[in-house]
Amino acid sequence: MLLALGLALGLAAPTLVATPASAQPTTQARDPLCWADGFSEPPGIGRPLALTWSRIGNRSNGGYTYRYWMVQEVSATSNLYYQRSLVARCSGDSLVSTTTITATDGTGTQACTSPGDIHLPVGSTERFVGQRVAYVRSSLVFTYTFRYWHREALSIATLQWFYQSSGVVMC
């Protein structure tokens, strides 16, 4: 009788079945872009070098957290070479979207020299997220400081800041 009762309870209990991440909507999957401070990827097909992902910082607006990332290649001599930048839009630990941010030359501009936020006219502000130094491959090898920015605007109707765009400058 106890065996029959145990089987009945076991069959009636809810069962958790894991589904592949690709079968779930993006906003349902826990993603390291939304919770980690950094991680690495070993070399793979078509990519002979390992990649290092470094979180630069984050800002929150409208229920989302925007996490800024630098991706670097690890060379055979263990130097880190800049590959790309991106911003991950997160809801908790779930990834909503990612956007690649193209680095622009900011040498001599306020984006390279400001110690903090830059207040723009008409209620917009560039919020300083953080910075990181990296090697850049060209005909010569240079190091640059990459500075990450989060543009917000003030809504007159709600008196709250909302996200406008993301950027990164090479200094």
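Note that the structure is a prediction, hence the values are computed from the model and not measured.

(A) View of the nonpolar core. Of all hydrophobic cores here, the largest spans 14 residues; its most connected members are Tyr68, Met70, Tyr82, Phe146 and Tyr148. Put simply, the parts of the chain that give this core at least two residues each are β3 (64–74), β4 (80–91), β8 (124–137), β9 (141–154) and β10 (161–170). Once you skip the residues sitting within four places of it in the chain, Phe146 turns out to touch Met70, Tyr82, Ala103, Gly130, Gln131, Arg132, Ala134, Val136, Val168, Val169 and Met170.

(B) The packing of aromatic side chains, seen in detail. Under the criterion given, the structure shown has eight aromatic pairs. On the numbers, 5.6 Å between centres and 55 degrees between planes, the contact of Phe39 with Trp69 is tilted. Of the two residues, Phe39 sits in strand β1 (residues 38–41) while Trp69 sits in strand β3, which places them 30 residues apart along the sequence. For Trp69, a relative accessible area of 0% gives the class buried. In this structure an aromatic cluster arises from ring pairing among Phe39, Trp53 and Trp69. The ring of Trp35 has Arg30 lying over it, and the distance from NZ or CZ to the ring centre is 4.3 Å. It is Arg137 that lies over the ring of Tyr81; its NZ or CZ is 3.8 Å from the centre.

(C) Expanded view of the state of the cysteines. Scanning the entire structure with this criterion turns up two disulfides. There is a disulfide in this structure between Cys34 and Cys90, and the S-S distance comes to 2.1 Å. Residues Cys34 and Cys90 are joined by a disulfide whose S-S torsion is about -85 degrees; by sign, that bridge is left-handed. Taken together, the residues span a long stretch of sequence, with Cys34 in the loop between α1 (2–12) and β1 and Cys90 in strand β4 at a distance of 56 residues. A sulfur-sulfur separation of 1.9 Å characterises the disulfide bridge that pairs Cys112 with Cys171. Across the S-S bond of Cys112 and Cys171 the torsion is about -85 degrees, and the bridge reads as left-handed.

Procedures and definitions
Along each chain, the written sequence defines residue order, and numbers are assigned to residues from 1. Only residues with pLDDT of at least 70 get local features here, since the model is predicted, and only at 80 or more are side-chain atom pairs given and counted; chain-wide, interface and lining totals rely on the full set of residues. Based on all heavy atoms of the structure, the side-chain values leave hydrogens and waters out of the count. Joining through side-chain atoms within 4.5 Å is the link that ties buried Ala, Val, Leu, Ile, Met, Phe, Trp, Tyr and Cys residues into a set, and such a set is a nonpolar core. The buried label goes to any residue with under 20% of its type's maximum accessible area, the exposed label to any with over 50%, and the partly exposed label to all in between, with areas taken from a 1.4 Å probe on protein chains only. The secondary structure listing takes helices from DSSP runs of H or I that are at least 4 residues long and strands from runs of E that are at least 2 residues long, numbered from the N terminus. Throughout, a residue-residue contact means that at least one pair of heavy atoms, one from each residue, lies within 4.5 Å. In this scheme Phe, Tyr and Trp rings, the latter by its six-membered ring, pair at centre separations within 6.5 Å, and the angle between planes marks the pair as stacked below 30 degrees, edge-to-face above 60, and tilted otherwise. Consider the ring centre and the ring normal. A charge sits over the ring if Lys NZ or Arg CZ is within 6 Å of that centre and within 35 degrees of that normal. Our working definition of a disulfide is a cysteine sulfur pair at a distance within 2.5 Å.

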